Amino acid sequence: MDNKDGCCSTHLIDGDGGFNVAGVDNFMKEVKLAECGLSYAVVSIMGPQSSGKSTLLNHLFRTNFREMDAYKGRSQTTKGIWMARCVGIEPCTIVMDLEGTDGRERGEDDTAFEKQSALFALAVSDIVLINMWCHDIGREQAANKPLLKTVFQVMMRLFSPRKTTLMFVIRDKTRTPLENLEPVLREDIQKIWDSVPKPQAHKETPLSEFFNVEVVALSSYEEKEEQFNEQVANLRQRFFHSIAPGGLAGDRRGVVPASGFSFSAQQIWKVIKENKDLDLPAHKVMVATVRCEEIANEKYASFTTNEEWCQLEEAVHSHSVRGFGRKLSSILDTCLSEYDAEATFFEEGVRSSKRKQLEEKLLQLVQPAYQSMLGHIRSDTFERFKEAFDKALKGGKGFALAARECTESFISRFDEECTDAIIDQAKWDSSRVRDKLRRDVDAHIAEVCSAKLAEVTSLYETKLNEALAGPVEALLDGASDDTWPAIRKLLQRETDTAVSGFAAALSGFEMDVESRENMVLRLKDYARGVVEAKTKEEAGRVLIRMKDRFSTLFSHDQDSMPRIWTGKEDIRAITKTARSASLKLLSVMAAVRLDDEGDNIDKTLSLALVDGKAGASSARSITSVDPLASSTWNEVPPSKTLITPVQCKSLWRQFQTETEYVVSQAIAAQEASKRNNNWLPPPWAIAAMVILGFNEFMTLLRNPLYLGVIFVAYLLFKALWVQLDISGEFRNGVLPGVLSLSTKLLPTVMNLLRKLAEEGQGVASGETQRNPAVASKSFRGSSSTNDNGDVSTSATSEVTSENGTEYSSSSLHDKMQ
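Residues numbered from 1 in each chain as written. Predicted model: local features only at pLDDT ≥ 70, side-chain atom pairs only at ≥ 80, totals over all residues. Heavy atoms only, no water.

*Asks:* Which parts of the structure should I look at to understand the overall build of the protein?
*Replies:* Looking only at helices and strands, the protein has 28 helices and seven strands in total. Counting over 817 residues, the protein shows a buried share of 40%. For the protein, long-range pairs separated by at least 24 residues make up 74% of all intrachain contacts whose partners lie at least 6 apart in sequence. With an accessible surface of roughly 44,800 Å², the protein has 52% of that area assigned to carbon and sulfur atoms. (Helix = DSSP H or I, 4+ residues; strand = E, 2+ residues; numbered from the N terminus. Buried < 20%, exposed > 50% of the residue type's maximum accessible area, 1.4 Å probe, protein only. Contact = heavy atoms within 4.5 Å. Areas by Shrake-Rupley, 256 points an atom, 1.4 Å probe, with all protein chains shown as cover.)

Here it is in structure tokens:
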């Protein structure tokens, strides 16, 4: 026993038919099979010698059965029946590797052991893998048909029925799809079942009562190892929980408990060995079968090494070959003629059957080359079609006309080249490749058509976007009652222009009316979408737009000149006008009006927001409902609404809040201007001063010196006012102002007198050094050279130059300091 990797492989039945009782008992102990109860499964494999059974089992179940060494030649590797445990599969699964059938070591007539081992496998196994080559499907011996027929007969006579899964494993799968191979296998198995004599109790019993038939296909292990391993890994998953409902052996019957497996298997083998009813094929038929098979194999091998065929196969894999069908048909005909000459004296039925099998194998061998040839013809034709089609389009030919002419021309050329590649023995149909070429051509035409249509559509969409986006934005910015009529007119004009050019561009495609109208309709919808998108974009900035418009109208007059608030302007009226214009902008952007349907948005907003609190209060008292307390506008669908009434109210409230500062600044500037301009006392005060001060006025006229004294006193008082900041001191109250001034008055007066004295001394000393012209420039506005009035005249000049404002006094104060 070999216990490598836990598979515990052992020789169950040797090559002479001896049952290894001790080995099986030891095996059961090693794998603890007796503890499994009914939770175990038995899998076996049968098939031709050197067909890769052991290799498949080692990869599928991770066993270590001995595999054939291909470098030493093809010979018998497995003798008798070997048994091992499947590694890593639950429940416990036992696999049996049967000796290959049709081996030369046992001779051409000694097939009893093959049938006995196959019958044993069917009797004890839940799942039987039948390993067969893909190219043997449809054959008689290689496909194990006689063997299965005999097994079915003997099994029904010797054993009670049990449900067994027959899994046909097709090795070295060719390009033939599995869905085409599986029906052939199932049909052959059904025919075998129908032809088997059955006991009276099972005359009408269907095959499915005793067998589940499964078919799988695997790629070549030698040529496509990675693909083979991947497929085996997928197949391995099916053996997990195989006895569970729905598994490969989910509906098995008559299972023997695991503890009795050894005895049960021993008794079954004993009954099989003692049976004498196994039919052997007739000697003549056997000889004919073997010999014709050998001749067919020789001719097949000869064909594969044929120099002409090898050169042709190599050439066709890289490029198309002229006269391919004629050359290959000649080679095939020569090979089949040689077979007929050597097999002419053998039994006719066998000879014809083997000839047919040889022909099928040869055709299967050459079919890839034929398909490659058709593939080259198809690809070459398709490439030439694309070049010709592209050239026709660049030459200015209409799209539909160019597509039609090029398609007809190159499909006809393909048919001519396919006729040259036909193989006489096969009579294969090239319609599938032709259909593939037609689909490729149609797909290319559709792709180019879509690209051209997308290019034309993109061109006109770009034109519409350029023609609409900017003007619509300008129209919305200058919102008025004519904004939406102007936008509709602009949209209609530009859409008609674009549609006209677009329809002319589509004429070369020969589209059906419905498709053309749909594309035109999509272009029109795109134009509307541009306007709606631009409107929506501008609606998102409506508050900024409203503030800009208000600022422009409020701060500039009708001539676009900045306003100077002199006190004569009606700020209330200007504010109302500017806000009404801003409200107009809000009403214009509140909804999309491309369908020329009337609405009351402008009127509703004006009544609710601009017409005054009294009107709004009276309206609310009548209706008791705020017209803007809604999420929809009357007569405007929600899809066309950009700013809801509630949002309008919120935006207007925010707008008023953010523009109040500008209005208040204007009012403040206007009042400041009025204060600056109103320096005279009221008229009544002027009249009282004239009447009551007439005597004093006459006194001043009689003695002008008083005027100079009063003027100097005024300047001194003004300087003290500024120096002491009397208005600022009284800002916090009378008492704090008086206390503060009482502490600052005497120092300030003394400081002021000192400054005046210094200024007077500086002027007196400067006059002795300057000429008269310089002196006149130093005392601006001086009109007298009286020595007693120098300081006063200079101070008077400074005050007069500043128009007697507060800042003039401050300048005098700074100068004095």
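Continuing now.
*Asks:* So what exactly am I meant to see when it comes to the pattern of salt bridges here?
*Replies:* Any two side chains of opposite charge can pair if their charged atoms end up close together. Summed over all chains, the structure comprises 27 salt bridges. Two residues, Glu214 and Arg238, come together in a salt bridge whose shortest N-O distance is 3.3 Å. Separated by 24 residues along the polypeptide, Glu214 in strand 7 (residues 211–217) and Arg238 in the loop between helix 6 (225–237) and helix 7 (261–274) bring together distant segments of the chain. Using a relative accessible area of 33% as the deciding quantity, one classes Arg238 as partly exposed. Ionic pairing is found between Lys534 and Glu537, a salt bridge with its closest N-O pair at 3.3 Å. One end of the pair is Lys534 and the other is Glu537, both in helix 15 (residues 513–540) and three residues apart, which spans about a single turn. Since its relative accessible area comes to 13%, Lys534 is described here as buried. (Salt bridge = Lys/Arg side-chain N within 4 Å of Asp/Glu carboxyl O.)

*Asks:* Just checking my understanding: could you explain a nonpolar patch on the surface for this structure?
*Replies:* A cluster of nonpolar side chains, contributed by Ile686, Val690, Ile691 and Leu692, occupies part of the molecular surface with about 430 Å² of accessible area. Counting through the fold element by element, Val690 comes out in helix 21 (residues 683–692). Owing to a relative accessible area of 55%, Val690 belongs among the exposed residues under this scheme. (Patch = residues over 30% accessible without salt bridge, like charges linked within 9 Å, V, L, I, M, F, W, Y side chains within 5 Å.)

*Asks:* What's the story with the side chain of Ser125 in this structure? I'm lost.
*Replies:* The residue Ser125 is located in the loop between helix 3 (112–124) and strand 5 (127–133) in this model. The buried category is assigned to Ser125, whose relative accessible area is 0%. For Ser125, the side chain forms a polar contact with the main-chain oxygen of Ala121, separated by 2.7 Å. (Polar contact = N/O pair within 3.5 Å; in protein donor to acceptor, adjacent residues only side chain to side chain.)

*Asks:* I tried to follow the pairing of strand 3 (residues 81–85) on my own but got confused; where do I start?
*Replies:* Here is the key point about a regular strand: its side chains alternate between the two faces of the sheet. As paired elements, strand 1 (residues 10–13) and strand 3 share three bridges and run antiparallel to each other. Residue pairing in the sheet places Thr10 in a bridge with Met83 of strand 3. As paired strands, strand 3 and strand 4 (residues 92–98) are joined by five bridges and run antiparallel to one another. Each bridged residue has a counterpart across the sheet, and for Ile81 the counterpart in strand 4 is Leu98. Hairpin geometry of strand 3 and strand 4 is characterised by an intervening segment of six residues between the two adjacent antiparallel strands and by a positive phi of about 80° at Gly88. (Pairing = 2+ DSSP bridges.)

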